[in-house]
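Commentary on secondary and tertiary structure
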Amino acid sequence: MALVYWKKSENDLAKLYFSLACQIKPFCVNTWINYGDLLFQTNDLISAEHVYKRILALEPKLFNVRNKYGKLLFCTNKIKDAKRQFKIALNSAPECQEALNNLADLYFIK
């Protein structure tokens, strides 16, 4: 249901159903990822940060989540923490161009 509401841009209902799904299956990483992405997309950055931390506690090697979390940290002006997340993502997946791009952007702006 959450994905349907998200696709229909009914974000409040999508958030509600993702939250419920995460409570029912607290170890389902994909549900947490979708929930975090929705929160980030809707600019609920504090909640998104908590969700990304939860995901990384469950699966620390998810470089795609580390990149998203790094972007969130960058948006909230936590530059040092963002850089750390991008470096961890790059170490987890050296072939990941997104991590390299994110680091380059960070260094360019800094």
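This is a predicted model, so every value here is computed, not measured.

1. Thoughts on the state of the cysteines
Inspection of every chain in the model, using the stated rule, returns 0 disulfides. Free cysteine Cys 22: the closest other cysteine sulfur is in Cys 28, separated by 7.7 Å. Exposure remark for Cys 22: the relative accessible area of 3% places this residue in the buried category.

2. Considering the nonpolar core
The tendency in soluble globular proteins is for nonpolar side chains to be buried side by side. Judged by nonpolar contacts, the single largest core of 31 residues is most densely connected at Phe 18, Trp 32, Tyr 35, Val 51, Tyr 52, Ile 55 and Val 65. For this core, the elements supplying multiple residues, two or more each, are helix H1 (2–7), helix H2 (11–24), helix H3 (29–41), helix H4 (45–58), helix H5 (63–75), helix H6 (79–92) and helix H7 (97–109). When near neighbours in sequence (up to four residues on either side) are disregarded, Val 51 contacts Trp 32, Tyr 35, Gly 36 and Leu 39.

3. Examining the packing of H2 against H3
Packing of H2 against H3 leaves a shortest axis separation of 10 Å and a crossing angle of 150 degrees. In terms of orientation, H2 lies roughly antiparallel with respect to H3. In this structure, H2 meets H3 at a crossing whose hand is left-handed. Across from Asn 11, Ala 14, Lys 15, Phe 18, Ser 19, Ala 21 and Cys 22 in H2, the residues of H3 making contact are Thr 31, Trp 32, Asn 34, Tyr 35, Leu 38 and Leu 39. Residue classes in the contact of H2 with H3 are distributed as 8 nonpolar, 4 polar and 1 charged.

What counts and what doesn't
Residues numbered from 1 in each chain as written. Predicted model: local features only at pLDDT ≥ 70, side-chain atom pairs only at ≥ 80, totals over all residues. Heavy atoms only, no water. Disulfide = S-S within 2.5 Å. Buried < 20%, exposed > 50% of the residue type's maximum accessible area, 1.4 Å probe, protein only. Core = buried A, V, L, I, M, F, W, Y, C linked by side-chain atoms within 4.5 Å. Helix = DSSP H or I, 4+ residues; strand = E, 2+ residues; numbered from the N terminus. Contact = heavy atoms within 4.5 Å. Axes fitted to C-alpha atoms, helices over the stretch in contact; angles between N-to-C directions. Parallel < 35°, antiparallel > 145°, perpendicular 65-115°, else oblique. Left-handed = near helix turned anticlockwise from the far one by under 90°. Nonpolar A, V, L, I, M, F, W, Y, C, P; charged D, E, K, R; others polar.

Geometric descriptors of this kind do not, in isolation, establish any biological role.
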